[in-house]
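# Results of the structural survey
So you can see what is in the structure, the chains are spelled out below.
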Amino acid sequence: TIVIQPGADYFFQDNISVGGLVGYESTKAGVGDAKSSAISIGPRLGYNAAVAEKLSVWPRVGVLYRSLSIDAGGGSKSGSSMSLELNVPLLVHVATHFDVGIGPFYRTDLSSKYDGADSNKDTTYGLATEVGGWF
């Protein structure tokens, strides 16, 4: 699975951000021709808390709409989901207006439809990295 999910955030008050993301995901499973792709979009809200002079934690929470297409060799099917997402990176401010970060993320489906019917809700968690800069 490959996921690319760029985002942009705006700090409208000290340490409080509002932003969003768009994403693309591609998965190929097994030896056959089973593959899927998804497009995501969603708003988020965050708070940047300083830990030390060059360290901060920037938790963000948002909702994510995801449109999914699956081709299992015998035809295509589609679905969609609405998820709640939490991302909590530790940022290292390596230079003025530039940071790198790593931290846990958690995503759980609030709703899920596949081929027009209710579907299983997924929960995903892991470790995410990021590179950021600002003007």
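What comes next is a walk through the structure.

Criteria and thresholds
- Sequence order as written defines residue numbering, which begins from 1 separately in each chain.
- Residues qualify for local features only when their pLDDT is at least 70, as the model is predicted, and side-chain atom pairs are given and counted only at 80 or more; totals for whole chains, interfaces and linings, by contrast, use all residues.
- Each side-chain value is derived from all of the structure's non-hydrogen atoms; neither hydrogens nor water enter the calculation.
- Secondary structure elements follow DSSP: runs of H or I no shorter than four residues count as helices, runs of E no shorter than two count as strands, and numbering proceeds from the N terminus.
- Between buried and exposed lies partly exposed: a residue is buried under 20% and exposed over 50% of the maximum accessible area for its type, with that area taken using a 1.4 Å probe on protein chains only.
- Any carboxyl oxygen of Asp or Glu within 4 Å of a side-chain nitrogen of Lys or Arg constitutes a salt bridge here.
- For cavity detection a 1 Å grid was placed over the protein atoms alone, and a set of points counts as a cavity when a 1.4 Å probe fits there but cannot get out; an open set counts as a pocket when protein lies on both sides within 12 Å along at least five of seven lines, with lining residues being those that have an atom within 4 Å of a point.
- Grid points are joined across faces, edges and corners, and a volume is the space filled by probe spheres set on the points.
- Pairing of aromatic side chains here covers Phe, Tyr and the six-membered ring of Trp, requires ring centres within 6.5 Å, and sorts the geometry by plane angle: under 30 degrees stacked, over 60 edge-to-face, intermediate tilted.
- Lysine NZ or arginine CZ positioned within 6 Å of the ring centre and within 35 degrees of the ring normal marks a charge as sitting over the ring.

What follows deals with the overall build of the protein. Along its length, the protein carries zero helices and 12 strands. Reading the helices (α) and strands (β) of the protein from amino to carboxyl end gives β-β-β-β-β-β-β-β-β-β-β-β. With the C-alpha coordinates of the protein rotated into their principal frame, the extents come out at 55 × 30 × 25 Å. Residues classed as buried in the protein amount to 29% of the 135 residues present.

Before going further, it helps to spend a moment on unusual backbone geometry. Backbone geometry at N15 places phi at a positive 70°, although glycine is not the residue there. Relative to the assigned elements, N15 resides in the loop between β2 (7-13) and β3 (16-28). Although it is not a glycine, D115 sits at a positive phi angle of roughly 55°. Residue classification places D115 among the partly exposed positions, given a relative accessible area of 48%.

Counted by the stated rule, this structure contains five salt bridges. Its salt-bridge partner being R66, residue E25 comes within 3.2 Å of it at the nearest N-O pair. Of this pair, E25 sits in strand β3 while R66 sits in strand β7 (residues 60-71); the two residues are 41 residues apart in sequence, bridging distant segments of the chain. For R66, a relative accessible area of 18% translates into the label buried.

Of the pockets and cavities examined, the largest pocket occupies roughly 1400 Å³. In terms of lining residues, the largest pocket is bounded by 49 residues, among which Q5, L21, R44, E85 and N87 are the most central. Those elements that provide at least two residues to the lining of the largest pocket are β2, β3, β4 (35-47), β7, β8 (76-87), β9 (90-95), β10 (98-114) and β12 (123-133). In terms of residue count, the dominant contributor to the lining of the largest pocket is β12 (nine residues).

Our next topic: the packing of aromatic side chains. Each aromatic ring pair is characterised by the separation of its centres together with the angle its planes make. Here the structure, examined in full by the defined rule, presents one aromatic pair. In this structure, R60 is placed above the aromatic ring of W58, and the distance from its NZ or CZ to the ring centre is 4.1 Å.

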